[in-house]
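Chains, contacts and geometry: an overview
Now for the letters of each chain:
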Amino acid sequence: MNILSPEILKAIFNEQKETALFGKWITFKDIEKLLKKHLAVFKIHELGTSEQERSIYTLQIGTGKKKILLWSQMHGNESTGTKALFDLFNYFSNTSDEILETILKECTLLFIPMLNPDGAQAYTRVNANEIDLNRDAVDRVAKESLLLRNTLEQFNPQFCFNLHDQRTIFGVEGTKNPATISFLAPSEEVTRAITEGRKETMNVIVAMNFMLQQMIPNFVGRYTDEFYPTATGDNFQKLGYNTILIESGHYPEDYPREISREYTFYSILQGIYHIAISKDFSSYLPYFEIPNNAKIFYDVIHKYPDNEQNKAYQYTDKIVDTKLVSELNAVEEKDLNGKFGHSEIVFGVNIV
């Protein structure tokens, strides 16, 4: 298994990070002006429009037989993957190295950097008609869902990357660490059988996890593989399109998701490179060594000596006067045993 070195990855990211994108609220206007930078290298195409007539673009590059489809921000308020993709676009546009040459020779890559621009503008999970695109894979009521499905069938990829953000509540089971990156090889039906397609998906995740463990050991989790009948990843995997879910999560003090952006970038690049150089995707068992995600965190916990007065708080993000505001709200949770706060404030302790 050929794993990219942390030194090489860090050098690439530091040189190619798209500085025009920062924080969690990334809108179509933010990325529209950046697309022109990549016209010389990528084939850029307007795939269609959203419910509110915002453009949805694809970027294509590479000439190889291995086709990979990647999309981000199908939930409008989950933008870490979008930032990482534009970092990747800079790498493809500005560089010519052995890693890149291998990828472009072996793969054809098709990106949808923002599938839900209406949700992105409103900073909501759902689209303009309040449809969760990640639960619309069967009915395909939303225009955006139809565009994604049509693209899938026309492009016919061997692998897909489904990029999401996960909440700050998730940690890595057996540790006191947040789950900065979590992976999933989606189930194809309720029994969660390990099919050949899932084995191939797991194989790519194994490579990405091996790389991350050299950089952020014990900050990587495995998302639940409970089967969701209407979910995008589950249905694409069921249809024979190997779908890798990447959930970008929290890193200590990284609420703007800039550090998790970096590790999302590394994960995508490692995953694509692994697909490019691999002929055999049958090795998968180390996937099950990745610890489960566990709901063990709150954003803030107030702790008292008797523990009975302990109180948990969680941030809620919303747009107020065209600005993203994080509001801290109390959580109705009586038993905080085994729970941690990203920030913990201890009251009533005598210091001698």
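Computed from a predicted model, the values in this text were never measured in an experiment. (Residues numbered from 1 in each chain as written. Predicted model: local features only at pLDDT ≥ 70, side-chain atom pairs only at ≥ 80, totals over all residues. Heavy atoms only, no water.)

Next up on the list: the sheet that holds strand β8 (residues 220-222). What the eight strands build is an open sheet, ordered β1-β2-β4-β3-β5-β9-β7-β8; its pairing is mixed. The sheet terminates laterally at β1 (43-49) and β8, the two strands that pair on one side only. Going across the sheet, the axis of each strand differs from the next one's by a mean of 20°, ignoring polarity. Relative to strand β2 (residues 55-61), β1 is paired through six bridges, and the arrangement is antiparallel. When the bridges of β2 are listed, Gly-48 appears paired with Ile-56. Sheet strands in contact with helix α7 (residues 196-213) are β5 (159-165), β7 (181-184), β8 and β9 (242-248), and its direction is about 35° off that of β9. On the sheet, helix α9 (residues 259-277) packs against β3 (66-72), β4 (107-112), β5, β7 and β9 and is oriented at approximately 165° with respect to β3. (Pairing = 2+ DSSP bridges. Helix = DSSP H or I, 4+ residues; strand = E, 2+ residues; numbered from the N terminus. Axes fitted to C-alpha atoms, helices over the stretch in contact; angles between N-to-C directions. Contact = heavy atoms within 4.5 Å.)

Here we take up the pattern of salt bridges. Scanning the model with the defined rule gives 19 salt bridges in all. A salt bridge links Lys-37 to Glu-18, with the shortest nitrogen-to-oxygen separation between them at 2.5 Å. Of this pair, Lys-37 sits in the loop between α2 (28-35) and β1 while Glu-18 sits in the loop between α1 (6-16) and α2; the two residues are 19 residues apart in sequence, bridging distant segments of the chain. For Glu-18, a relative accessible area of 4% gives the class buried. The partner of Glu-53 in a salt bridge is Lys-143, with the nearest N and O atoms 3.3 Å apart. Of this pair, Glu-53 sits in the loop between β1 and β2 while Lys-143 is found in helix α6 (residues 143-155), placing the two residues 90 residues apart along the sequence. Residue Glu-53 is classed as exposed on the basis of its relative accessible area, which comes to 54%. By relative accessible area, which is 27% here, Lys-143 ends up partly exposed. A single network of salt bridges, built from pairs that share partners, joins Lys-17, Lys-83, Asp-87, Glu-258 and Arg-261. (Salt bridge = Lys/Arg side-chain N within 4 Å of Asp/Glu carboxyl O. Buried < 20%, exposed > 50% of the residue type's maximum accessible area, 1.4 Å probe, protein only.)

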